[in-house]
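The primary structure of each chain is shown beneath.
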Amino acid sequence: MDKRIIVAIDGPAGAGKSTIARRVAAKLGFVYIDTGAMYRAVALWALRQGVAFHDMHRLEQLALAADIQFTAGSSQVFLNNEDVTEAIRLPEISAAASQVSAIGSVRRALVEKQREMAAAASVVMEGRDIGTVVFPNAQVKVFLDADQSERARRRVDQSGGDLEETEREIRERDQRDRTRAESPLMQAPDATYIDTTGLTLEDVEQAILKAVRARTSNGKEVTS
Ligand code: DC
């Protein structure tokens, strides 16, 4: 029997997905996969190559050819063997990633890579469509949310920047991510909804670990 466990964490920008997913993965000894970083890496490559965001064919080619690697136990991201951990966090890349991620063929290329990454290990994977599209059969699905102003404040605390500007940027990105035709951001019907506004990291972590325990027993999937 396949004993691999998939914990899918979805939600809007700034809901705390990365911090929480990384902690939960460390606690469980699972591999952590940040799928947003993959869209960001393709967007970075496209900007560097001067590929227009309406050039779907070239964007698909980049997504197919991109060699994206994560370093286990750290938050480093490599694109074609180059450490792009910091480069992909720039605000212009956030906006570009949101545009690139609206293209169906780019999504299909990256979803394929995401499924391959989870083929050999139990994973905590975070993004926008993990519980709905990438792994609709994930054993544990969580949808993390928080008030918009709280999400902007967290982003500014983490990465600096102007609060109002960040709030506007998050609002625009969420709107695009929720209304696109291809795999829009939405909660899977069987996902646990957690509003993290006012909750501590420990609270959220415990809630997710509880959900994982409820679905697993001694690392084996409960076959109910
Ligand atoms: O989580 P993030 O901010 O790093 O994601 C960057 C962009 O990529 C975001 O605007 C939405 C998109 N994204 C997506 O469409 N699907 C995913 N699974 C992950 C991210």
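See the structure shown above.
Residues numbered from 1 in each chain as written. Predicted model: local features only at pLDDT ≥ 70, side-chain atom pairs only at ≥ 80, totals over all residues. Heavy atoms only, no water.

## Details of the side chain of Arg 180
Relative to the helices and strands, Arg 180 resides in the loop between helix H8 (163–179) and strand S8 (192–195). By relative accessible area, Arg 180 is classed as buried at 8%. For Arg 180, the side chain forms a polar contact with the main-chain oxygen of Ser 183, separated by 2.8 Å. In contact with Arg 180, not counting residues within four places along its chain, are Ser 101, Ala 102, Arg 107, Arg 128 and Leu 185. (Helix = DSSP H or I, 4+ residues; strand = E, 2+ residues; numbered from the N terminus. Buried < 20%, exposed > 50% of the residue type's maximum accessible area, 1.4 Å probe, protein only. Polar contact = N/O pair within 3.5 Å; in protein donor to acceptor, adjacent residues only side chain to side chain. Contact = heavy atoms within 4.5 Å.)

## A word on the site of the ligand
Taken together, 16 residues are adjacent to the ligand, and Arg 40, Arg 107, Arg 128, Asp 129 and Arg 180 come closest. Take Arg 40: an N or O atom from its side chain is 2.6 Å from an oxygen atom of the ligand. Arg 180 is positioned with one of its side-chain polar atoms (N or O) 2.8 Å from an oxygen atom of the ligand. Listing elements by their share of the shell around the ligand, those giving two or more residues are helix H2 (35–49), helix H4 (91–100) and H8. If you tally residues by element for the shell around the ligand, the top one is H2, at four residues. (Near = heavy atom within 4 Å.)

## So, the pattern of salt bridges
The tally for this structure, following the rule as stated, stands at 17 salt bridges. Its salt-bridge partner being Asp 174, residue Arg 151 comes within 2.7 Å of it at the nearest N-O pair. Of the two residues, Arg 151 is situated in helix H7 (residues 148–159) and Asp 174 in helix H8; the sequence distance between them amounts to 23 residues. Both residues of the pair, Arg 151 and Asp 174, count as buried. (Salt bridge = Lys/Arg side-chain N within 4 Å of Asp/Glu carboxyl O.)

## Quick word on the pairing of strand S1 (residues 6–10)
Within S1, five of the five residues are buried, leaving the element largely enclosed by the surrounding structure. Both faces of S1 are covered, namely the face carrying Ile 6, Ala 8 and Asp 10 and the face carrying Val 7 and Ile 9. Pairing analysis gives five bridges linking S1 to strand S6 (residues 123–127), with the strands arranged parallel. Bridge pairing links Asp 10 to Gly 127 in S6. Bridging between S1 and strand S7 (residues 140–145) involves four bridges; their strand directions are parallel. Counterpart to Ala 8 in the pairing with S7 is Lys 141. (Pairing = 2+ DSSP bridges.)

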